[in-house]
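Observations on the model geometry
One-letter residues, chain by chain:
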Amino acid sequence: MKISLSPSPDLLHLYAPPLEALIVVTDVFRASATMLSALYHGALSIRPVATEEEAQSYLDREDYLVAAERDALRCAFAPLGNDPEEYTPQIVQGKHVVLTTTNGTRSIDRALSLGYRRLTVGSFGNISLLAQHILSVDYPEVVVIAAGWKGTLCAEDCLFAAALYERVAHEIALRKEAGEGDALPTSLTYNDALFFPLEAYRTHRADLCNYTSYFEHYRRLERLGRLATIPICLEEDRYPVLPYWQESGVLKPL
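The rules we used
- Residues numbered from 1 in each chain as written.
- Predicted model: local features only at pLDDT ≥ 70, side-chain atom pairs only at ≥ 80, totals over all residues.
- Heavy atoms only, no water.
- Helix = DSSP H or I, 4+ residues; strand = E, 2+ residues; numbered from the N terminus.
- Rg over C-alpha atoms; globule rule 2.2 N^0.38 Å.
- Contact = heavy atoms within 4.5 Å.
- Lys, Arg positive; Asp, Glu negative; His and termini not counted.
- Charge placed at Lys NZ, Arg CZ, Asp CG, Glu CD.
- Buried < 20%, exposed > 50% of the residue type's maximum accessible area, 1.4 Å probe, protein only.
- Pairing = 2+ DSSP bridges.
- Axes fitted to C-alpha atoms, helices over the stretch in contact; angles between N-to-C directions.
- Parallel < 35°, antiparallel > 145°, perpendicular 65-115°, else oblique.
- Nonpolar A, V, L, I, M, F, W, Y, C, P; charged D, E, K, R; others polar.
- Left-handed = near helix turned anticlockwise from the far one by under 90°.
- 1 Å grid on protein atoms, 1.4 Å probe; cavity = no way out; pocket = protein on both sides within 12 Å on 5 of 7 lines; lining within 4 Å.
- Points joined across faces, edges and corners; volume = space filled by probe spheres on them.
- Core = buried A, V, L, I, M, F, W, Y, C linked by side-chain atoms within 4.5 Å.
- Disulfide = S-S within 2.5 Å.
- Phe/Tyr/Trp six-rings, centres within 6.5 Å; stacked < 30°, edge-to-face > 60°.
- Lys NZ or Arg CZ within 6 Å of the ring centre and 35° of its normal.

Some words on the overall build of the protein chain
In terms of regular secondary structure, the protein chain is built from 11 helices and 11 strands. Its C-alpha atoms give the protein chain a radius of gyration of 17 Å, within 12% of the compact-globule value 18 Å for 254 residues. Seen along its three principal axes, the alpha-carbon backbone of the protein chain occupies a region of about 55 × 40 × 35 Å. In the protein chain, of all internal contacts separated by at least 6 residues, the share reaching a separation of at least 24 is 78%. Looking at the protein chain, you have 23 positive and 33 negative side-chain charges, and the mean spots of the two groups are 3 Å apart.

See the structure below:
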């Protein structure tokens, strides 16, 4: 099995994974956690849309909640933004969430435009469940798309790809020790893009909150007074739900 990293959604076509690959979109700060939080707290589905105009078209539809963010700020027309703590059971339970964000939903749209349909959303909040799913299906490759910032790299997204690789490797080792190795991959590899994030994650995994304080998007959120969301987005297994793409155009828990 190979776990690869595409450091930007704009590079996915260059890596050209097979269409049967599992695409894992991650936007650690904050769209991934937002989507996980909404589904974990009872939303029926997430409909990611690329534009503000498309999101606005759902404003008057019953049972829909519109969430929109640009440049890390909630759009004025939207009742909800891109903060996972907004998505409480009282607000989202039984609702369909229509979401557009600067980077996360753009990455989903990019993967779909290239023909990929085996697509999920991953972050630290569902890392264990995601690793278990990866080992339950015979995917030819797993590709983590780092949503980044407007096409450029975000280090925290790359760190998550490394954390996922390590979690899958750990799960394989545990299962082999338990005598359950027959159906497991005989090897686990990664591409060059994942090499340096792996080294960084292995060095700093014990204190990611402090390590990510050096990153550009951390400082962007700091300027906006949004630092409280950082430990939430980095907390492992906070939102154990696995959003999976449906041909109806939504993400639903698998």
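Considerations on the pairing of strand β8 (residues 142–146)
Regular strands have side chains that alternate between both faces of the sheet. Burial runs high along β8: 5 of the 5 residues are buried. Alternating positions in β8 separate into two faces, Val-142, Val-144 and Ala-146 on one and Val-143 and Ile-145 on the other, with burial throughout. Note that strand β1 (residues 2–6) and β8 share 4 bridges and pair parallel. The partner of Ser-6 across the bridge, within β8, is Ile-145. Pairing between strand β2 (residues 22–26) and β8: 5 bridges, direction parallel. Each residue of the ladder has a partner; that of Thr-26, found in β8, is Ala-146.

A short note on the packing of helix α7 (residues 155–177) against helix α8 (residues 195–204)
For the pair α7 and α8, interaxial distance at closest approach is 8 Å and the crossing angle is 75°. Considered as vectors, α7 and α8 are oriented roughly perpendicular to each other. When α7 is examined against α8, the residues Cys-158, Leu-159, Ala-162, Ala-163, Tyr-165 and Glu-166 are found in contact with a partner set consisting of Pro-197, Leu-198, Ala-200, Tyr-201 and Arg-202. Taken together, the residues of the contact of α7 with α8 sort by class into 9 nonpolar, no polar and 2 charged.

Here's the deal with the packing of helix α6 (residues 127–136) against α7
Between α6 and α7, the shortest axis-to-axis distance is 9 Å and the interhelical angle comes to 60°. Taken together, the axis directions place α6 and α7 in an arrangement best described as oblique. As α6 runs across α7, the sense of the crossing is right-handed. Between α6, through Ile-127, Ser-128, Leu-130, Ala-131, Gln-132, Ile-134 and Leu-135, and α7, the contact on the second element is made entirely by Phe-160, Ala-163, Leu-164, Arg-167, Val-168, Glu-171, Ile-172 and Arg-175. For the contact of α6 with α7, a count of residues per class yields 10 nonpolar, 2 polar and 3 charged.

Some points on empty space enclosed by the protein
A complete count under the given rule lists 1 cavity of 30 Å³ or more for this structure. Volume-wise, the largest cavity comes out at about 60 Å³. Looking at the largest cavity, the residues that line it are Asp-27, Phe-29, Arg-30, Glu-69, Ala-72, Asn-82, Thr-101, Thr-102, Asn-103, Gly-104, Trp-149 and His-217.

Considering the nonpolar core
Counting 76 residues, the largest nonpolar core has Val-97, Leu-119, Phe-160, Leu-164 and Val-168 as the members making the most contacts within it. Here this core gets 10 residues from one element, more than from any other, and that element is α7. Residues contacting Leu-119, with those up to four places away along its chain left out, are Leu-22, Ile-23, Val-25, Ile-108, Ala-111, Leu-112, Pro-243, Tyr-244, Trp-245 and Leu-251. Membership of the second largest hydrophobic core comes to 8 residues, among which are Ala-55, Ala-68, Cys-75 and Ala-78.

Describing the pairing of strand β6 (residues 96–100)
Along β6, 4 of the 5 residues are buried, which leaves the element largely enclosed by surrounding structure. Sheet analysis places strand β3 (residues 45–48) next to β6, joined by 4 bridges and oriented parallel. Directly across from Pro-48, in β6, lies its bridge partner Leu-99. As judged from the 5 bridges shared by strand β4 (residues 64–70) and β6, these two strands associate in the parallel manner. Counted as the bridge partner of Leu-65 is Val-97 from β6.

Concerning the state of the cysteines
Within this structure, the stated rule accounts for 0 disulfides. Not engaged in a disulfide, the cysteine Cys-75 finds its nearest cysteine sulfur in Cys-233; these two sulfurs lie 18 Å apart. Since its relative accessible area comes to 8%, Cys-75 is described here as buried. Of all cysteine sulfurs in the structure, the one in Cys-154 sits closest to Cys-158, which takes part in no disulfide; the separation is 8.2 Å.

Describing the packing of aromatic side chains
Throughout the structure, instances matching the rule amount to 6 aromatic pairs. With centroids separated by 5.2 Å and ring planes inclined at 90°, the aromatic side chains of Tyr-165 and Tyr-190 adopt a geometry described as edge-to-face. On the criterion of sequence distance, the pair formed by Tyr-165 in helix α7 and Tyr-190 in strand β9 (residues 189–190) is long-range, its members being 25 residues apart. Relative accessible area serves as the criterion here: at 7%, Tyr-165 is assigned to the buried category. Given the relative accessible area of 31%, Tyr-190 is considered partly exposed. When the ring of Phe-195 is compared with that of Phe-196, the centres are 5.2 Å apart and the planes differ by 85°; the resulting orientation is edge-to-face. By relative accessible area, which is 63% here, Phe-196 ends up exposed. Arg-61 extends its terminal NZ or CZ atom over the ring of Tyr-64, reaching a point 4.8 Å from the ring centre. Lying over the aromatic face of Trp-149, Arg-220 brings its terminal NZ or CZ to 3.8 Å of the ring centre.

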